[in-house]
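Observations on the model geometry
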Amino acid sequence: MLGRRATLAMLALLLAGVGALAACGGGDDDPGSGDAGGSSDDGGLASEGDEATGDVPDDVVVMDGTDVRVQSLDNTFRAPDIQVQPGATVTWTNDGRNEHDVLPVDGGGWGVEVEGFQPGATYQHTFTEPGVYDYYCSIHGTTSAGMVGTVVVAEG
Ligand SMILES: [Cu+2]
């Protein structure tokens, strides 16, 4: 008797679980199909332009003021993607336990090698020209993945 009751109880739990899953699946369908029409317009706009200077990241954080700080942690930049006004000075601090570097993906004239960016060190650069400046840490990333960041210089 006990064994049979236990089996019935498990069966009831199983059925309840299946019911809950089915309810979730059904609920997701309706909003999903509603969104599809609206978002296709945005895709068309996003694909225009920006090819020469690089893309402005979607999650870019607009930073007010002329003194902006970016933390270098193990192993990310925080915030990774920022927007500053022309003439702003960006200060990277190595707040991690490991050594890092800050290297521009395109061109040069700024950035810091690992020798100058040990834990506790700071590096700063003033960005005067509008543009999209991609950078990376060559120890923990590549030019396009891993420990990467972007400074967008634009009038706010
Ligand atoms: Cu690094």
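All of these numbers come straight from a predicted model, not from anything done at the bench.

**Observations concerning the overall build of the chain**
For the chain, the count of helices and strands is 1 helix and 9 strands. Each helix (α) and strand (β) of the chain, taken in turn from the N terminus, gives the series α-β-β-β-β-β-β-β-β-β. Counting only residues that meet the buried cut, the chain has 19% of its 156 residues in that class.

**Details of the sheet that holds strand E3 (residues 77–78)**
Reading across from one edge, E3-E2-E5-E7 is the order of the 4 strands in this open sheet, with mixed pairing throughout. The open sheet has two edge strands, E3 and strand E7 (122–127), and neither has a second partner. Here 2 bridges tie strand E2 (residues 67–72) to E3, and the two strands are oriented antiparallel to one another. Counted as the bridge partner of Ser72 is Phe77 from E3.

**Let's talk about the confidence of the model for the chain**
A residue-level look at the chain finds 66% of positions with pLDDT of 70 or above and a mean pLDDT of 78. The model gives residues 6–52 a pLDDT under 50, and that stretch makes 2 contacts with residues more than four places away or in other chains.

**Notes on the sheet that holds strand E4 (residues 81–84)**
Overall, mixed pairing links the 5 strands, which are arranged E1-E4-E9-E8-E6 in an open sheet. The two strands at the open ends of the sheet, each matched to only one other strand, are strand E1 (61–62) and strand E6 (103–104). Looking at chain direction, E6 and strand E8 (residues 131–141) are connected through 2 bridges and run antiparallel. Looking across to E8, one finds that Pro104 is bridged to Tyr135.

**Examining unusual backbone geometry**
A cis amide bond links Asp74 with the next residue in sequence, Asn75, at an omega value of 5 degrees. One can find Asn75 in the loop between E2 and E3. A cis geometry characterises the amide bond from Arg78 onward to Ala79, with omega recorded as -10 degrees. With respect to the element layout, Ala79 can be found in the loop between E3 and E4.

**With respect to the environment of Ser72**
Along the polypeptide, Ser72 turns up in strand E2. Ser72 sits 24 residues away from Gly96 along the chain, and the two C-alpha atoms are 6.4 Å apart.

**Concerning the nonpolar core**
If you look at the biggest cluster of nonpolar residues, it comprises 21 residues, and the most contacted ones within it are Val68, Ile82, Val84, Val90, Val102 and Val151. For this core, the secondary structure elements donating two or more residues are E2, E4, strand E5 (88–94), E8 and strand E9 (146–153). At 5 residues, the largest contribution of residues to this core is made by E8. Filtering out sequence-adjacent residues up to four positions away, Val90 remains in contact with Val68, Val70, Val84, Gln124, His125, Phe127 and Val151.

The rules behind the values
Counting starts from 1 at the beginning of each chain's written sequence and moves along it residue by residue. The model is predicted, so local features are restricted to residues of pLDDT at least 70 and side-chain atom pairs to those at 80 or more, both for listing and for counting; the totals for chains, interfaces and linings are taken over all residues. In this description a helix means any DSSP run of H or I spanning at least four residues, a strand means any run of E spanning at least two, and both kinds are numbered starting from the N terminus. Comment: burial labels come from other C-beta atoms within 10 Å of the residue's own C-beta, placed from the backbone, where a count of 20 or more is buried, 12 or fewer is exposed, and between is partly exposed. Being paired, for any two strands, means DSSP has found at least two bridges between them. Looking at any residue, its pLDDT shows the predictor's confidence there, from 0 to 100. Two residues qualify as a contact pair if the distance between their C-beta atoms, derived from the backbone, is within 7 Å. Note on terminology: a nonpolar core is any set of buried Ala, Val, Leu, Ile, Met, Phe, Trp, Tyr and Cys residues joined through C-beta atoms within 7 Å.

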